[in-house]
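Residue strings, one per chain:
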Amino acid sequence: MKLFKCQACGQDVYFENRFCGSCGHALGFLPNAGVMTAVEPEGDAWRALTPKRPKLRYCANITPDACNWLIPAEHDEKFCLACRHNRTIPDLSVEINLLHWRKMEFAKHRLFYTLIALRLPLKDLNEDPDHGLAFDFLAEDPGKKSIILTGHDTGLITINLKEADDAVREKLRTEMHEPYRTLLGHFRHEVGHHFWDILVRDAGRLDECRAIFGDDSEDYGEALKRHYAEGAPANWQDSFISAYATAHPWEDFAETWAHYLHIVDTLETASAFGLRIHPATTKNKALHADIVFDPHNAPSMQRIIEAWLPLTFAMNSLNRSMGHADLYPFILSGPVIKKLTFIHEIIRASAVADKPKKRALFRRIAASQPPSQPPAPPGGPAPPPPAGPDIPAPMDPVVDPPIDPPDQPPPVESPPDDMPPEISPPAPEEIPQPMHVS
Ligand SMILES: [Zn+2]
Ligand SMILES: [Zn+2]
Ligand SMILES: [Zn+2]
């Protein structure tokens with residue numbers, strides 16, 4: 001993700017911020033511009049401090065403090081681009097539901113940031129009643145035995161709200177022998193099933209996909225039963241990104257898709273901070289990288305991998321220095337890189353087919369930004385960001401030559417149990433609203 005600034009004072013701000021900690025301006029995210037903007041009240045709406053100064057409203061989910069995205073004031077929608085995809089949310093008069101749902105929305109909004117940045121097709125149920133992307137956030141009724149399974153069905157993603165409970169999720173992670181389990185990971189995985197429908201099945205690429213991921217016509221229910229009874233094959237790391245990916249080709253695709261999203265988002269963050277990886281102990285080029293490109297528009301998967309491997313080596317080493325689990329406890333084998341390359345190609349093909357006017361949605365961040373929480377500036381508004389895009393238009397899709405797996409950082413050994421901390425949601429400002437269906 002990019003680093004964002006308050007246009008009023010130049011303070012660096014997080015994607016989730018509602019207010020600037022330095023000057024107090026209200027903040028919101030403008031999905032069509034891909035920027036956070038400071039806003040000032042104007043009548044019953046808000047005026048952005050971005051160069052074009054559009055008049056805006058906040059998404060209705062600002063009331064339960066679950067969203068800080070903005071909508072053009074003249075639009076009819078009650079909800080923002082991300083929240084319009086919610087079909088069901090839990091009863092927010094139950095306090096724990098509200099707390100858990102907020103955490104879900106924080107993760108979901110980060111998912112949508114990446115989907116928008118990759119210019120993937122997004123239709124809600126109003127735009128496509130048969131296969132629009134929709135979310136049901138469901139809380140289990142303690143009085144009933146029914147279990148809510150997180151999963152995907154024809155565009156509808158069901159999320160068990162309980163996963164937002166850190167203790168519950170960590171228990172599940174341990175029981176399932178998973179090195180990584182996060183809310184954002186769930187969203188990225190489940191949306192992978194949705195985009196398999198759209199970018200593979202409906203785009204006439206089934207044969208290509210089957211040649212790489214295997215035959216998805218295999219009985220899904222039986223495959224899952226076998227997976228849970230027998231576990232993954234002993235040598236699964238040679239060909240799969242995770243043990244669960246071995247269950248069925250659909251799960252392999254969704255798991256690999258999630259990793260593609262993990263990788264491009266994390267690389268953009270590294271680029272935003274101007275990270276350079278140059279370990280003094282080795283001249284092995286595979287462990288050196290200057291991360292100075294926009295991964296959402298990377299011309300090839302190879303370019304992404306060349307930056308990702310040194311970065312994960314460095315990040316894992318940093319985490320170990322703090323006694324944390326590896327940030328990226330996975331190994332990218334040659335076959336896995338081939339799968340990632342297929343996903344890169346179908347996403348790039350979809351992006352290039354997108355309307356040209358959308359190409360400027362995301363501007364590349366400058367490589368050198370000030371630290372995220374510098375001392376308050378000496379006063380006076382910061383100069384506004386440039387009005388025009390400063391990245392070249394996306395290139396035509398590139399079919400990479402087969403990639404020999406590059407030298408890998410040291411393999412992951414017995415990932416410890418701790419997970420990286422999450423950013424706490426801000427305190428609620430208004431009284432929770434009752435359940436709505438949007
Ligand atoms: Zn400010
Ligand atoms: Zn919203
Ligand atoms: Zn799945």
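What counts as what
- Residues numbered from 1 in each chain as written.
- Chains lettered and ligands numbered in written order.
- Predicted model: local features only at pLDDT ≥ 70, side-chain atom pairs only at ≥ 80, totals over all residues.
- Heavy atoms only, no water.
- Donors = N, O, S within 2.8 Å, 3.2 Å for Na, K, Ca; no water.
- Tetrahedral: all angles 85-135°; square planar, octahedral: opposite > 155°, others 65-115°.
- Salt bridge = Lys/Arg side-chain N within 4 Å of Asp/Glu carboxyl O.
- Buried < 20%, exposed > 50% of the residue type's maximum accessible area, 1.4 Å probe, protein only.
- Helix = DSSP H or I, 4+ residues; strand = E, 2+ residues; numbered from the N terminus.
- Pairing = 2+ DSSP bridges.
- Axes fitted to C-alpha atoms, helices over the stretch in contact; angles between N-to-C directions.
- Contact = heavy atoms within 4.5 Å.
- pLDDT = per-residue confidence, 0-100.

**Observations regarding the coordination of the zinc ion (ligand 2)**
Turning to step 1, where the next piece is worked out: Around the zinc ion (ligand 2), the protein contributes the donor atoms C59 (SG), C67 (SG), C80 (SG) and C83 (SG), which lie 2.2 to 2.3 Å from the metal centre.
Turning to step 2, where the next piece is worked out: Each of the four donor atoms bound to the zinc ion (ligand 2) contributes to angles spanning 106 to 115 degrees, and the resulting shape is tetrahedral.

**Some words on the pattern of salt bridges**
Turning to step 1, where the next piece is worked out: Following the criterion strictly, the structure yields 26 salt bridges and no others.
Turning to step 2, where the next piece is worked out: As a salt-bridge pair, D215 and R210 come within 3.8 Å of each other at their nearest N and O atoms.
Turning to step 3, where the next piece is worked out: With a relative accessible area of 42%, D215 lands in the partly exposed category.
Turning to step 4, where the next piece is worked out: Judged by its relative accessible area of 29%, R210 is partly exposed.
Turning to step 5, where the next piece is worked out: Residues joined in a network through salt bridges with shared partners are E77, R84 and D124.

**Examining unusual backbone geometry**
Turning to step 1, where the next piece is worked out: At R53, a residue that is not glycine, the phi angle is positive and equals roughly 45 degrees.
Turning to step 2, where the next piece is worked out: Mapping R53 onto the fold places it in the loop between β5 (45-48) and β6 (55-58).
Turning to step 3, where the next piece is worked out: When its relative accessible area of 39% is taken as the criterion, R53 is described as partly exposed.
Turning to step 4, where the next piece is worked out: One non-glycine residue with positive phi stands out, namely H177, at about 55 degrees.
Turning to step 5, where the next piece is worked out: Looking at where H177 falls in the secondary structure, it is placed in the loop between α2 (166-175) and α3 (183-201).
Turning to step 6, where the next piece is worked out: Residue classification places H177 among the exposed residues on the basis of a relative accessible area of 72%.

**Details of the sheet that holds strand β8 (residues 86-88)**
Turning to step 1, where the next piece is worked out: The strand order β8-β9-β11-β10 describes an open sheet built from four strands, whose pairing is mixed. Edge positions in the sheet fall to β8 and β10 (151-153), since each of these pairs with one other strand and no more. With strand direction ignored, the average angle separating the axes of adjacent strands in the sheet is 25 degrees.
Turning to step 2, where the next piece is worked out: Relative to strand β11 (residues 156-160), strand β9 (residues 134-138) is paired through five bridges, and the arrangement is parallel. Within β11, the residue paired with L138 across the bridge is N160.
Turning to step 3, where the next piece is worked out: On the sheet, helix α1 (residues 95-117) packs against β8, β9 and β11 and is oriented at approximately 160 degrees with respect to β9.

**Let's talk about the environment of F106**
Turning to step 1, where the next piece is worked out: Tracing the backbone shows F106 in helix α1.
Turning to step 2, where the next piece is worked out: F106 sits 91 residues away from F15 along the chain, and the two C-alpha atoms are 9.4 Å apart.

**A word on the confidence of the model for the chain**
Turning to step 1, where the next piece is worked out: On average, residues of the chain score 84 in pLDDT, and 81% of them reach the 70 mark or higher.
Turning to step 2, where the next piece is worked out: Note on residues 356-407: pLDDT is under 50 here. Beyond four places in sequence and across chains, it has 101 contacts.
Turning to step 3, where the next piece is worked out: Contacts for the low-pLDDT stretch residues 412-438, under 50 throughout, to residues beyond four places or in other chains number 64 contacts.

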